[in-house]
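Listed below are the residues making up each chain.
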Amino acid sequence: MSLLQLENLSVTFGNFRAVDNISYKVEEGEVLGIVGESGSGKSVSSLSIMGLIDFPGKVNAEQLTFDNQDLLAMPEKQRRRLTGSDIAMIFQDPMTSLNPCFTVGYQIIEALKTHQGGSKKELKARAIELLTQVGIPAPESRLDNYPHQLSGGMSQRVMIAISIACNPRLLIADEPTTALDVTIQAQIIDLLIDLQRKKQMGLVLITHDLALVAEVAHRVIVMYAGQIVESGPASEVFSTPKHPYTQALLASLPESAAGKARLEALPGVVPGQYDRPLGCLLSPRCPYATDHCRKVEPANQGDLNRQVKCHTPLDSEGRPAA
Amino acid sequence: MFQFIFRRLSLVIPTFIGITLLTFTLIRLIPGDPIDVMAGERGVSAERHAELSAQLGFDKPLYIQYFRYVTGVLQGDLGNSLVTKEPVMSEFLTLFPATIELATCAAIFAILIGLPAGIFAAVKRGTIVDHSVMTFSLTGYSMPIFWWALLLMLVFSVNLGWTPVSGRIDVTYWIDDVTGFMLIDTFLSDEEGAFGSAVSHLILPSIVLGTIPMAVIARMTRSSMLEVLSEDYIRTARAKGIAPWRVIVIHALRNALIPVITVIGLQVGILLSGAILTETVFAWPGIGKWLIESIGRRDYPVVQGGILIVACIIIVVNLLVDITYGIVNPRIRHSR
Amino acid sequence: MTTSIEASKDNIELTAPVPMTPLQEFWHYFSSNKGALGGLIVIALIFFMALFANFIAPHSPSDQYRDALLLPPAWLEGGNWSFVLGTDDVGRDILSRLIYGSRLSIAVGIVAVTASLVMGILLGLVAGYCKGVVDTAIMRIVDIMLAMPSLLLAIAIVAILGPSIVNAALAISIVSLPHYVRLTRAATMAEMSRDYVTSSRVIGASPLRLMFVCILPNCLAPLIVQATLGFSTAILDMAALGFLGLGAQPPTPEWGSMLANALQFVQRAWWVVTFPGLMILITVLAFNLMGDGLRDALDPKLKQ
């Protein structure tokens, strides 16, 4: 049984479908990368796993299980016991994700106290240990710092420390390095992967950095306008993409434009609330779109291990099937 | 932190000078000769006029008059009342405790009701609780204070007889004036039932005076809470699995209260101007009633002195509010 | 971008509604706020009442009916349907006085708000645009005025100049000035740092043009909200001054001064006390509701 399994999850805000019938699973100790443009629904789907979607958003799913426990049917209190301990999440902007009124030490110890407990001394020792694990030098002095006294990279390390405090089985990292300097990005990713390997956590890494996903993820999911358009092992998806969107994503990387005058990009923009096509969501922009594509929404072809949502998936040459 | 305090303090001085200029010019704007004004209907002979002129310095150039005025103010000399001939400052000090007592009780009422109401409305956003709190607070500050006072008096004092109509205490009691605060003085005295009488006299005026601040505090708390609740660090706290009430009371409230403190401090001005109207209706012997009566009696030194003192109080309170804000806001607290 | 969406329009049926124009959007948000809509209707009614007072009021506001002193409202015992809301202590019809009183309140409100709005905008624009010494000077004066409670300052001004409606209106416009100056200055300074202002300057636009054509339209939204709320403050302050005997003088029918002598009638004739205040409450509430509705409809952050 997978660590996390979602089936046909949708999140709607009024008339707007932010997440449209997606299904995926995460195994124990696996790194799953979720890539997509801004507005593709990657963050919203993770927030719904954590139970952090508020009014007016609504979460519907056929199945949402963690470690064989049904998250949807679970009473509020029980779910809260899982949140922050077995399932943890770190967010994009560490500078605003820490409460400015409390010290770093207080916020780490709070995470520990909520789920574990122990004497003041024990908690303090554990906090120092966590800060060491995330690579913060002189941790004893850092405990009394306030968030505004820390740099971006340091804050994100503290966030990571808070999230691993209770040894989570699954860690969701929502664009953990987007707000950081390029030099710090690599350090933070190395730290995350290192921790993941040591603790055998499931890691869901949400990002729009394709190169990163190709490097660290076991499996990858590509999202577009709230739908999953392709999923599979990272090596396969990036070497032989089956969905035109994935192909276009890879083609738009600067590396693919060596020797050319312009970067390749699909014309048009991601559909928003007011211009969602009837059929395939990519059809206005897809170079291979047919009338059938424009009228009928494609079904998911393949199984959860290698899936693509297209009428005419690309073959190994990169051309659509007949 | 100290730089912040120092900068705030240095702003007080020009404001103070401005206020003294304002009160100085206001009185000089009264049409007519100041000595004739002071003499009133009786009028004054030409030589007495010249005598008084020299005595009061009206024959000197304006800037010297202003200088003498300011030095007098700094020493606490605000002139004498035209009606009672007593120094304005001592009259003020006699009557001030009554107003402070009223204002303090009103402020306590406003905070005790307004703060929780605002928090509740924010947490239960969009529900009937939210709408009722907002409606009540909107009605609260749309009301003319003096009418609210009359209405409450009509219902509770006249029709139901639950509360007294005016004054600070039943006339049957004679209380020694130890502190000037009726609640404390009655507590210290041996008279039976005096304390209860003092309390019952305070109820309606406090509610009336505190209604507008309560409404403002409720609204401000609600909007501040709503803003804080949408911040990233609240999302982090919830992602940690912390119980909802803890998220609200410990994480959100601390941050939400920071602007609310400023608002509470600014209510002092509203309380003082509301006191003028409330004291008039309830015949409460405080400085509000004193100022209004003095205006009616053309007692200009009192008016001038009263306005100056009230303005200075507000400046000091604003300064304290700013400093408290600096202490409470960790970003400013830790800056140099 | 446009081409591909147009192309898609030819081939695909849209599944979602077409977005609205700014004016439509504003009205959509404003009208979905029941309170704001109610406020608007009440204000329209009061304006109507003020304009056509001569035709609507059953009696003249100063006619004294010696044989109908302190008559209770028509639906109570002893009441008379020619005096629907009763009469006061000199026999004047309360309903007529309230209707004529609306004329005064609205007029004073308009004058006071317009005067302080215009002056406030000018000073705020100048302060925000010129910065430096001019800015500091203007802001010092504003701070001093804000250091005093507005009612106290208004009372002082009226006390000096002598009680009358004109002086009361003048006092009210002076004490509301600081709010508009501050608001305009803050908005001006925010707009000044924007690129479109810099580019206009580079092209060579004159300061006047910059201030009134470029910057002011963008500051309008919060100013409109403040003006609406300022109207309600003006009415409240006017009533307070009237109550203290510093505004409208008898026999002018003004809601606040109708309450000035009401203290003595609290026991005998509750209607003399209740109706004028109720009128003030309803009017001020209407303006506040409308102001709130305007603020919510114009503030982009609150939109979903």
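Throughout, a residue's number is its position along its own chain's written sequence, starting from 1. Numbering of ligands from 1 and lettering of chains from A proceed in the order in which they are written. Only residues with pLDDT of at least 70 are given local features in this predicted model, and only at 80 or more are side-chain atom pairs given and counted; all residues enter the totals for whole chains, interfaces and linings. To get the side-chain values, all heavy atoms of the structure are used, and hydrogens and water are removed first.

### Regarding the overall build of chain B
Under the scheme used here, helices are H or I runs from DSSP no shorter than 4 residues and strands are E runs no shorter than 2 residues, and both carry numbers assigned from the N terminus. A count of helices and strands for chain B gives 14 helices and 0 strands. Taken from N to C terminus, the helices and strands of chain B fall in the order α-α-α-α-α-α-α-α-α-α-α-α-α-α. Its C-alpha atoms give chain B principal-axis dimensions of roughly 85 × 55 × 40 Å. Only protein chains enter the area calculation, which uses a 1.4 Å probe; residues under 20% of their type maximum are buried, those over 50% are exposed, and those in between are partly exposed. In chain B, which comprises 336 residues, the share counted as buried stands at 49%. For chain B, the accessible area works out to roughly 16200 Å², and carbon and sulfur atoms hold 67% of it. A residue counts as positive if it is Lys or Arg and as negative if it is Asp or Glu; His and the chain ends are not included. In this description, the location of a charge corresponds to atom NZ of lysine, CZ of arginine, CG of aspartate or CD of glutamate. Here chain B contributes 24 positively and 25 negatively charged side chains, and the mean placements of these two sets differ by 18 Å. Surface accessibility follows the Shrake-Rupley procedure with a 1.4 Å probe radius. Residue values consider only the protein chains on display as shielding.

### A short note on the overall build of chain C
Looking only at helices and strands, chain C has 12 helices and 0 strands in total. Listed by position from the N terminus, the elements making up chain C come as α-α-α-α-α-α-α-α-α-α-α-α. With the C-alpha coordinates of chain C rotated into their principal frame, the extents come out at 80 × 60 × 30 Å. Counting over 304 residues, chain C shows a buried share of 50%. Contacts between residues were defined by any pair of non-hydrogen atoms, one from each residue, lying within 4.5 Å. Nonlocal contacts in chain C, meaning residues at least 24 apart in sequence, comprise 69% of its contacts between residues at least 6 apart.

### So, the pattern of salt bridges
Here, a salt bridge means any side-chain nitrogen of Lys or Arg that lies within 4 Å of a carboxyl oxygen of Asp or Glu. Considering all chains together, one arrives at 25 salt bridges over all chains under this definition. The salt bridge partner of Asp143(C) is Arg140(C), with a shortest N-O separation of 2.9 Å. Taken together, the residues Asp143(C) and Arg140(C), both in helix α6 (residues 132-147) and 3 residues apart, mark about one turn of the helix. Beyond isolated ion pairs, a larger network of salt bridges with shared partners links Arg17(A), Asp20(A) and Arg276(A).

### Remarks on the interface of chain B and chain C
By a widely used convention, the size of an interface equals the accessible area lost when the partners come together. With 40 residues of chain B at the interface, the matching set in chain C holds 36 residues. Between chain B and chain C, a total of about 3500 Å² is buried, with carbon and sulfur atoms accounting for 83% of that surface. Throughout, buried area stands for the accessible area (probe radius 1.4 Å) lost by two parts on being put together, summed over both. The largest share of the area that chain B buries against chain C comes from Phe146(B), Trp147(B) and Leu150(B), three residues that together contribute 18% of it. Between chain B and chain C we count 1 salt bridge in total. We note a salt bridge from Asp292(C) to Arg219(B), for which the minimum N-O separation is 2.3 Å. By the criterion applied in these results, polar contacts are pairs of N or O atoms within 3.5 Å in which, for protein atoms, one can donate a hydrogen and the other can accept it, and in which residues neighboring in sequence qualify only through two side-chain atoms. Counting across the interface, chain B meets chain C through 4 residue pairs in polar contact (both at pLDDT 80 or more).

### Considering the packing of aromatic side chains
The geometry of an aromatic ring pair is captured by two quantities: the separation of the ring centres and the angle between the planes. Any two of the Phe, Tyr and Trp rings considered here, Trp counted by its six-membered ring, make a pair once their centres fall within 6.5 Å; the pair's planes then place it as stacked at under 30 degrees, edge-to-face at over 60, or tilted in between. With the rule as written, the count across this model stands at 10 aromatic pairs over all chains. Taking the centre distance of 5.9 Å and the plane angle of 85° together, the rings of Trp270(C) and Trp271(C) count as edge-to-face. A relative accessible area of 30% places Trp270(C) in the partly exposed class. Aromatic side chains Trp270(C) and Phe275(C) sit 6.0 Å apart centroid to centroid with 50° between the ring planes, which places their arrangement in the tilted category. Put simply, the rings of Phe92(B), Phe96(B) and Trp290(B) pair up and form one aromatic cluster. Over the ring of Phe91(A) we find Arg235(B); its NZ or CZ atom is 4.0 Å from the centre of that ring. Whether a charge lies above a ring is judged from NZ of Lys or CZ of Arg, which has to be within 6 Å of the ring centre and within 35 degrees of the ring normal.

### Points about unusual backbone geometry
The backbone phi angle of Asn8(A) is positive, close to 50°, even though this residue is not glycine. Mapped onto the secondary structure, Asn8(A) falls in strand β1 (residues 4-13).

### Description of the confidence of the model for chain C
Overall, the predicted model of chain C reaches an average pLDDT of 80, with 91% of residues at or above 70. This complex was scored by the predictor with a pTM of 0.79 and an ipTM of 0.82. Known as pLDDT, the predictor's per-residue confidence is scaled from 0 to 100.

### A look at the nonpolar core
The nonpolar side chains of a soluble globular protein tend to be buried with one another. Grouped together as the largest cluster of nonpolar side chains are 134 residues, with contacts concentrated most on Phe146(B) and Ile155(C). With 19 residues, helix α10 (residues 207-243) of chain C is the single largest residue contributor to this core. For Ile155(C), the residues in contact, after removing those within four places along its chain, are Ile276(B), Ile292(B), Ile295(B), Leu241(C), Leu244(C) and Leu246(C). Only buried residues count toward a nonpolar core, which is a set of Ala, Val, Leu, Ile, Met, Phe, Trp, Tyr and Cys residues joined through side-chain atoms within 4.5 Å. Val11(A), Ile34(A), Leu71(A) and Val158(A) belong to the second-largest nonpolar core, a separate cluster that totals 98 residues.

### Some points on the side chain of Glu91(B)
Counting through the fold element by element, Glu91(B) comes out in helix α5 (residues 88-123). Polar side-chain contacts of Glu91(B) include one of 2.6 Å to the side chain of Trp290(B).

### What about a nonpolar patch on the surface?
All names here are of chain C. Patches here: salt-bridge-free residues with over 30% relative accessible area, like charges joined within 9 Å, nonpolar side chains (Val, Leu, Ile, Met, Phe, Trp, Tyr) joined within 5 Å. A contiguous nonpolar surface patch, about 530 Å² in accessible area, is contributed by Val118, Met119, Leu122, Leu208, Phe212 and Val213. For the nonpolar patch, the elements supplying multiple residues, two or more each, are α5 (94-130) and α10. Along the chain, leucine 122 turns up in helix α5. Judged by its relative accessible area of 40%, leucine 122 falls in the partly exposed class.

### A look at the environment of Asn145(A)
Tracing the sequence through the fold places Asn145(A) in the loop between α6 (139-142) and α7 (152-164). C-alpha separation for the pair Asn145(A) and Pro271(A), spaced 126 residues apart in sequence, amounts to 44 Å.

### Things to note about the packing of helix α1 (residues 2-28) of chain B against helix α13 (residues 300-328) of chain B
All names here are of chain B. Here the axes come from fitting lines to C-alpha atoms, over the contacting stretch only for helices, and the angles between their N-to-C directions go from 0 to 180 degrees. The geometry of α1 relative to α13 is characterised by a closest axis approach of 10 Å and an angle of 165° between their N-to-C directions. With respect to their mutual orientation, α1 and α13 come out roughly antiparallel. Between α1 and α13 lies a crossing of right-handed hand. Here Phe4, Ile5, Arg8, Leu9, Val12, Thr15, Phe16, Ile19, Thr20, Thr23, Phe24 and Ile27 of α1 come into contact with α13, specifically with Tyr300, Gln304, Ile307, Leu308, Ala311, Cys312, Ile315, Asn318, Leu319, Asp322, Ile323 and Gly326. Residue composition of the contact of α1 with α13, grouped by class: 16 nonpolar, 6 polar and 2 charged. Should an angle fall under 35 degrees it is taken as roughly parallel, and over 145 as roughly antiparallel, whereas 65 to 115 is taken as roughly perpendicular and any remaining angle as oblique. Two helices crossing with the near one rotated counterclockwise from the far one by less than a right angle form a left-handed crossing, whereas a clockwise rotation gives a right-handed crossing. The classification used treats Ala, Val, Leu, Ile, Met, Phe, Trp, Tyr, Cys and Pro as nonpolar, Asp, Glu, Lys and Arg as charged, and all other residues, Gly among them, as polar.

### Notes on the sheet that holds strand β10 (residues 219-224) of chain A
Residues and elements named next belong to chain A. Strand pairing is assigned whenever DSSP detects at least two bridges linking the two strands. Taking strand neighbours across the sheet as the criterion, the 8 strands line up as β7-β8-β9-β3-β10-β11-β13-β12 in an open arrangement whose pairing is mixed. Where the open sheet ends on each side, the last strands, each with one partner, are β7 (87-90) and β12 (300-303). Across this sheet, the average inter-strand angle for adjacent strands is 15°, counted without regard to direction. With 5 bridges connecting them, strand β3 (residues 31-35) and strand β9 (residues 202-207) associate as parallel partners. When the sheet's bridge partners are listed, valine 31 is paired in β9 with leucine 203. Its contacts with the sheet place helix α11 (residues 244-251) against β10 and β11 (227-233), and it is angled at close to 100° to β10.

### Describing α6(C)
In this model α6(C) runs 22 Å from its N-terminal to its C-terminal C-alpha over 16 residues, within 8% of the 22 Å that 1.5 Å per residue would give. Of the residues making up α6(C), those classed as buried are Asp135(C), Ile138(C), Met139(C), Val142(C), Ile144(C), Met145(C) and Ala147(C). Looking at the buried positions of α6(C), the neighbouring elements they touch are α1 and α13 of chain B together with α5, α7 (150-161) and α8 (165-192) of chain C. Multiply 1.5 Å by the residue count of a helix minus one, and that product is the helix's expected span.

### Quick notes on the pairing of β3(A)
All names here are of chain A. Extensive coverage of β3 is indicated by the burial of 5 of its 5 residues. Judged by which residues are buried, β3 turns out to be covered on both faces: Val31, Gly33 and Val35 on one side and Leu32 and Ile34 on the other are all buried. Examined bridge by bridge, β3 and β10 share 4 bridges and lie parallel to one another. From the neighbouring strand, glycine 33 faces β10, where its bridge partner is valine 220.

### Description of the environment of Gly274(B)
All names here are of chain B. Here glycine 274 is to be found in helix α11 (residues 244-282). Note on glycine 274: relative accessible area 2%, which makes it buried. Once the C-alpha coordinates of glycine 274 and isoleucine 212 are considered, the two residues, 62 residues apart in sequence, prove to be 8.8 Å apart. Dropping the residues within four chain positions of it, glycine 274 is found in contact with Ile145 and Leu209.

### Side note on the packing of α6(C) against α8(C)
All names here are of chain C. For the pair α6 and α8, interaxial distance at closest approach is 9 Å and the crossing angle is 135°. Taken together, α6 and α8 sit at an angle that is classed as oblique. Between α6 and α8 lies a crossing whose hand is left-handed. Residues Asp135, Ile138, Met139, Val142, Asp143, Met145 and Leu146 of α6 form the contact with α8, whose own contacting residues are Ile174, Val175, Pro178, His179, Val181, Arg182 and Arg185. When its residues are assigned to classes, the contact of α6 with α8 shows 9 nonpolar, 1 polar and 4 charged.

### Side note on the side chain of Ser40(A)
Residue and element names in this part refer to chain A. With respect to the helices, strands and loops of the structure, serine 40 is situated in the loop between β3 and α1 (42-50). At 2.6 Å, the side chain of serine 40 and the backbone oxygen of glutamate 37 are in polar contact. Setting aside chain neighbours within four positions, we find serine 40 in contact with Ala18, Met223, Tyr224, Ala225, Gly226 and Gln227.

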